[in-house]
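The lines below spell out each chain.
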Amino acid sequence: MFLSGGLKSLLPHVLRRIIRCNRLSMSNTSGMAEGYKQANVVILHKSLADDFEKFCHANDGPLPLLYRSKPGDWKCPPLSKDSDIRTDCLQYRIYEHGACTGSLKSLKEYSEQLKDMVTFYLGCSFSFERAVQNANIPVRNVEQKCNVSMYKTAVPCYSVSTFCCNLVVTMRPIPESKLEAAVLATSELKEAHGAPIHMGDPGLLGIQDLSKPDYGDPVQLYPGDIPVFWACGVTGVEAVINCRAPLAFTHSPGCMFVTDLRNDNVTGRSSREIPQVHCISQDPLHYSIVSAEAAQKIKTLETLIGIDPGDRGIIHLCLQDELLKACLSISHARSVLITTGFPTHFTYEPPEENDGPPGALAIAAILQALEKEVAIVTDQRAMNLNKKIIEEAVQLGILKRPIPLLSYQRESADSALMFLCENGNPGRPRFDHLIAIERAGMAADGNYYNARKVNIKHLVDPIDELFLAAQTIPGVTATGVGDGGNELGMGKVKDAVKKHIKNGDVIACDVEADFTIVAGVSNWGGYAIACALYILSTCEIHDRYLRKAVGFPRLSKKTVWLSALPSVTKEEKLLKTLVRYGVRSGKTASLEMEVDGLPFYNTHSLMIEKLL
């Protein structure tokens, strides 16, 4: 019997010969023949082969197809020169009408049946373990001398004919400081599943208990480790089970076919191909991925909107990368609630200013184009005004369709929870992300102030309570957009507001959001969010991560997304609409400034538009 000692340095053809002779005491091939590709194996009747190949191409993250044999062909010349698929896996499983009816060391007794069957060789994450180790990242299952952990998820694959199943993933514990290195080491190894499809809380994939894998062995996480999940070829096993074929064979999970193909070293990547990792939530823990190129564009947007036309000192409020992190979080959201409205003109009717609604509608428009649910919550007294603005936005082509318009009143201690969650259950939130843009925010004394220290509490409904309640609901995050520090969500920078903003010691909002976007004019912040969401949606690295590497890229919808973006023309039409309804400017200084003969407000919006 051969033991594990020198197996990692054996050449593949030698290892296959040892396996073929049944002289190996190992239970999986992790860490063997380092640097060479390993393969999952699915063997089906030839009548199912075309549909299964389409299923693989439609879900190439978990099922990267290395080779498809002809019926009855037990060899795979492109992958190995002297192999026999009947004998060269450590162990096989037999499936009859979707049920596993046994495990086998050899398929030779089924040689007659195999004459009418086709073998699929699919990439395996064992192939990238050497690349991960070369990046000085520990591979815990190899260290612990056990199989990798594999889990069924709640993520559906793209179905083809009778082949339909949920994604299966492998989990590898990675030290938090090594997350980006792990993504970088694996992202270009697409035939070994490529980059991770999730980093963080397993519950976000529908995995309830890491100590109970569906396949493989439990792998211990060390202090500081983050669970990182890659798409897994055992997805093909689940597809075989669900198609209920009369007879099918697969490798036993972890007992891979070892090929003669080396993993290619990746060199010379462009910024479009270099991934970055960002934490977007602590409860539940959640990281996202974006390309360096897309991240830089969004950082440029953040710098652009940080110009201070009123010279109010907002530079002291700006936090780096808040726009990027906020938009990554929004990108992962299913349903978004937006609020706006700052009644600064308290002696007029309506008292609203025109900064806020255009930015809110710009965000709503791109969310509609991205097929997310979106609603707006506003003051009860302003419902009719906002209804008219939304209806006109639809007529102007700014919105595809009307947005649900809601109001909130405190009726009991749990009103906010009841509003945000089904039956007040924090486990069933109606919204994943809340956005406040130029919305009056509650100060430390419980009042609401405009920039001149005038208390306008009588005009403001307690929508802040929704943001406070969101802090207690796992999985719900919030963004605040403001330009003076007295807006909802600016509590995160309240100390800087009190120190650097005129009247800040009184007007500073006390309510925090997870992400704080500071802009010279709040509308610019809304436009920047819309543009950043477009940038993320057209980023191939982020798109793959969002869809968990199943299904097809969504870039075919780029034209629809582009048409939903804010523009100077749309902005001008909407501002004229607001004027017609009596809404006044709250940013006189920025509107009166001129650059190249154009109002600064519009010129700056044009700069944002051109950035794309």
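Refer to the preceding data block for the structure.
We now turn to the structure provided with this report. A quick note: this is a predicted structure, and the numbers were derived from the prediction, not measured.

Moving on to the pattern of salt bridges. Inspection of the entire model under this criterion finds 29 salt bridges. Taking the shortest distance from any N to any O, the salt bridge between D379 and R381 comes out at 3.6 Å. The exposure class assigned to D379 is buried, which follows from its relative accessible area of 0%. We classify R381 as partly exposed; its relative accessible area is 35%. The closest approach of N and O atoms between D543 and R554, which form a salt bridge, is 3.2 Å. Note that D543 is positioned in helix α17 (residues 540-546) and R554 in the loop between α17 and α18 (558-563), a separation of 11 residues in sequence. Using a relative accessible area of 2% as the deciding quantity, one classes D543 as buried. The structure contains a network of salt bridges with shared partners spanning E352, D379, R381 and R439.

Attention shifts here to the sheet that holds strand β7 (residues 166-175). Taken in spatial order, the 7 strands of this open sheet run β9-β6-β7-β10-β8-β14-β13, and their pairing is antiparallel. Taken across any chain shown, the strands that pair with only one partner, and hence form the sheet edges, are β9 (215-216) and β13 (275-282). Against the sheet, helix α7 (residues 235-243) contacts β6 (149-156), β7 and β9, and its axis sits at roughly 160 degrees relative to β7. Running over the sheet, helix α8 (residues 292-305) touches β13 and β14 (285-291) and is turned about 95 degrees from β14.

All right, on to the sheet that holds strand β16 (residues 373-378) then. The parallel open sheet is built from 6 strands, whose spatial order is β17-β16-β15-β18-β19-β20. Edge positions in the open sheet fall to β17 (405-407) and β20 (515-518), since each of these has one partner strand only. Taken over all neighbouring pairs, the strand axes of this sheet differ in orientation by 25 degrees on average, direction set aside. Taken together, the 3 bridges between β16 and β17 define a ladder with parallel strand orientation.

In this structure the tally under the stated criterion is 6 cavities of 30 Å³ or more. If you add up the space inside the largest cavity, you get close to 100 Å³. P358, A362, I398, P566 and K570 are the residues nearest the centre of the largest cavity, which is lined by 13 residues in total. Put simply, the parts of the chain that give the lining of the largest cavity at least two residues each are α10 (357-369) and α19 (568-580). For the lining of the largest cavity, the leading source of residues is α10, giving 4 residues. A class-by-class count of the residues in the lining of the largest cavity yields 10 nonpolar, 1 polar and 2 charged.

Bringing helix α11 (residues 383-395) into the picture now. The terminal C-alpha atoms of α11 lie 19 Å apart, and with 13 residues this matches the ideal 18 Å at 1.5 Å per residue to within 8%. Burial in α11 covers these residues: M383, L385, N386, I389, I390, E392 and A393. Along its buried surface, α11 packs onto α10, β16, β17 and α19. With its phi angle positive at about 85 degrees, G397 sits one or two positions after the end of α11.

On to unusual backbone geometry, then. Here the amide bond leading from D283 into P284 is cis, since omega sits at 0 degrees, within 30 degrees of zero. In this structure, P284 sits in the loop between β13 and β14. Cis geometry marks the peptide bond from E349 to P350, where omega comes out at 0 degrees. When you line up the elements, P350 lands in the loop between β15 (335-341) and α10. The backbone of K145 shows a phi angle near 55 degrees, a positive value even though the residue is not glycine. The topology assignment puts K145 in the loop between α5 (140-143) and β6. On the basis of relative accessibility, which here comes to 73%, the residue K145 falls in the exposed class.

Each value, and the rule that gives it
- Residues numbered from 1 in each chain as written.
- Predicted model: local features only at pLDDT ≥ 70, side-chain atom pairs only at ≥ 80, totals over all residues.
- Heavy atoms only, no water.
- Salt bridge = Lys/Arg side-chain N within 4 Å of Asp/Glu carboxyl O.
- Buried < 20%, exposed > 50% of the residue type's maximum accessible area, 1.4 Å probe, protein only.
- Helix = DSSP H or I, 4+ residues; strand = E, 2+ residues; numbered from the N terminus.
- Pairing = 2+ DSSP bridges.
- Contact = heavy atoms within 4.5 Å.
- Axes fitted to C-alpha atoms, helices over the stretch in contact; angles between N-to-C directions.
- 1 Å grid on protein atoms, 1.4 Å probe; cavity = no way out; pocket = protein on both sides within 12 Å on 5 of 7 lines; lining within 4 Å.
- Points joined across faces, edges and corners; volume = space filled by probe spheres on them.
- Nonpolar A, V, L, I, M, F, W, Y, C, P; charged D, E, K, R; others polar.
- Expected span 1.5 Å × (residues − 1).

Honestly, it's all geometry; don't read function into it.
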